[in-house]
Each structure stands twice: as structure tokens, then as C-alpha cells.
Amino acid sequence: MGRRAVKRAVGAVLFAAALLWCGGVTAQQHPERRHLRAGNRSYEAQEYAAGAEAFREALAKEPSSFAAAFNLADALYKQGDYAGAAEVLGALAERSDLTPGQRAKVFHNLGNDMFAQQKLKEAADFYKQSLRENPADLETKYNLAYVQKLLEEQQQEGGGGDDRNQNQNQDQNGNQNRDGDREQNRDGSENRDEGGND
């Protein structure tokens, strides 16, 4: 083996060692990413309980992870645990380190959670808070208008009405709203694999 070949071999070994070191540093900086990816895969496969568990594991590794908490709330919502989802989102809403975009998404989903629980007034309040953070969000504007229409109809009917039809409409619209949120966030925003910021 010539001198050049030895230099190349040493260079390749040093390069490989540097790559391994950098990968280890990144893994140490974001220990929750593996669990976030697993949770997202489970969520996409409609295995919401497994997704929720993976997001909880991500939160155990990194309690300040917005993506893990936001995605946990989505998985709980999909399982019909609206109160659990609202609890997770409520804790997120109180954090001072969120961007306006993150806060808007949290309030939007809190509105969806309240809507699913047939708490129309609270849903409207959360949609309004979301619009204060992101006035251009058309989906939130639509949801607010829809909830306000339902509230107006309730008032005109004396607070009553056919609860079965209203509940059915709310369930269908609430699920469409939440699905739209996941679609809206698939473009690489904070609730995808790595959990980057807006």
C-alpha cells in the first residue's frame, strides 16, 4: 500500500468518525425525534392509540416539545378523548414560547375540541383567539362562522332544537376540521417528524 492510499484511508476513517460524532450530537440535541416519527407513522396508519403512546414517549424525552404535545392532542382527539386533547392543548396555550402560528393552531384545535363536546360558545371563543393570532386563516374563519350560525339558531329556537341532527352535524364537521388541521400541518411545519418551529 502506497503513501497516498494510506492518507486516503486515514482521511476516510476520520470523515466517517466525524459523521458518527455529528449524528450522535444531533440525536442528543433532539432525543424525542425517533418517537415523533414513530407516532406520526402510527397516526398516518390510523393507529391513534399507538401514536399517542409514541408522542407521550417523545414528551418524556423532551417535555418542551411543541410537536409532541400538539400531535398527542391530535391522537387523543381521533380516539374521541376530546377532554384529554383539550387538556393537552390548554397546557400548550399557556406556554409563553410559542410563535403566533403555533398559538393559532392550538386555539383552532381547542375550538374543534369544544365543538366536538357540543360547547359551542367556548368553541367560538377559541376560534376568535386563533384569529387574533392568525387573522388570515380561512378555515378558522369558516369554523367560527359555522359555530356562530349554530348559536344563532339555538337562540332563535329557544336554546333547543333537534339535538340528534345537531350532534351528527357537529361530529361530521368537527372531524373534517381536525383532518384539515393535519393536512394543513403536513407541509413541514412543527408537527411533522422533527418538530421544527414556525
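These remarks concern the structure in this document. (Residues numbered from 1 in each chain as written. Predicted model: local features only at pLDDT ≥ 70, side-chain atom pairs only at ≥ 80, totals over all residues. Heavy atoms only, no water.)

## Observations regarding the overall build of the protein chain
Inclusion rule: Here a helix means four or more residues in a row that DSSP labels H or I, a strand means two or more in a row labelled E, and each is numbered from the N terminus. Each residue is placed in one exposure class: buried if its accessible area under a 1.4 Å probe, protein chains only, is under 20% of its type's maximum, exposed if it is over 50%, and partly exposed if it falls in between. Here a residue-residue contact requires only that any non-hydrogen atoms of the pair lie within 4.5 Å.
Across its full length, the protein chain carries nine helices and zero strands. In the protein chain, the succession of α and β elements from N to C terminus is α-α-α-α-α-α-α-α-α. Sorting the 198 residues of the protein chain into buried and exposed places 38% on the buried side. Taking as baseline every contact in the protein chain between residues at least 6 positions apart, the subset at least 24 positions apart corresponds to 58%.

## A closer look at the nonpolar core
The test is simple: Each nonpolar core is a collection of buried residues, namely Ala, Val, Leu, Ile, Met, Phe, Trp, Tyr and Cys, held together in the definition by side-chain atoms within 4.5 Å.
If you look at the biggest cluster of nonpolar residues, it comprises 39 residues, and the most contacted ones within it are L72, L89, L92, V106, L110, F115 and V147. Secondary structure elements with two or more residues in this core: helix 2 (33–44), helix 3 (48–61), helix 4 (66–78), helix 5 (82–93), helix 6 (100–116), helix 7 (120–133) and helix 8 (138–156). Element by element, the count of residues in this core is highest for helix 4, at ten residues.

## Let's talk about the packing of aromatic side chains
To be explicit about the condition: Put simply, two rings from Phe, Tyr or Trp (the six-membered ring, in Trp's case) pair if the centres are within 6.5 Å, and we call them stacked under 30 degrees between planes, edge-to-face over 60, tilted for the rest.
A complete count under the given rule lists six aromatic pairs for this structure. Relative to Y48, the ring of Y43 has its centre 5.1 Å away and its plane inclined at 70°; by these criteria the two rings are edge-to-face. Relative to F126, the ring of F107 has its centre 6.3 Å away and its plane inclined at 15°; by these criteria the two rings are stacked. Pair noted here: F107 is in helix 6 and F126 is in helix 7, with a separation of 19 residues, a long-range link. Connected via pairs of aromatic rings, a cluster forms that spans F115, Y142 and Y146.

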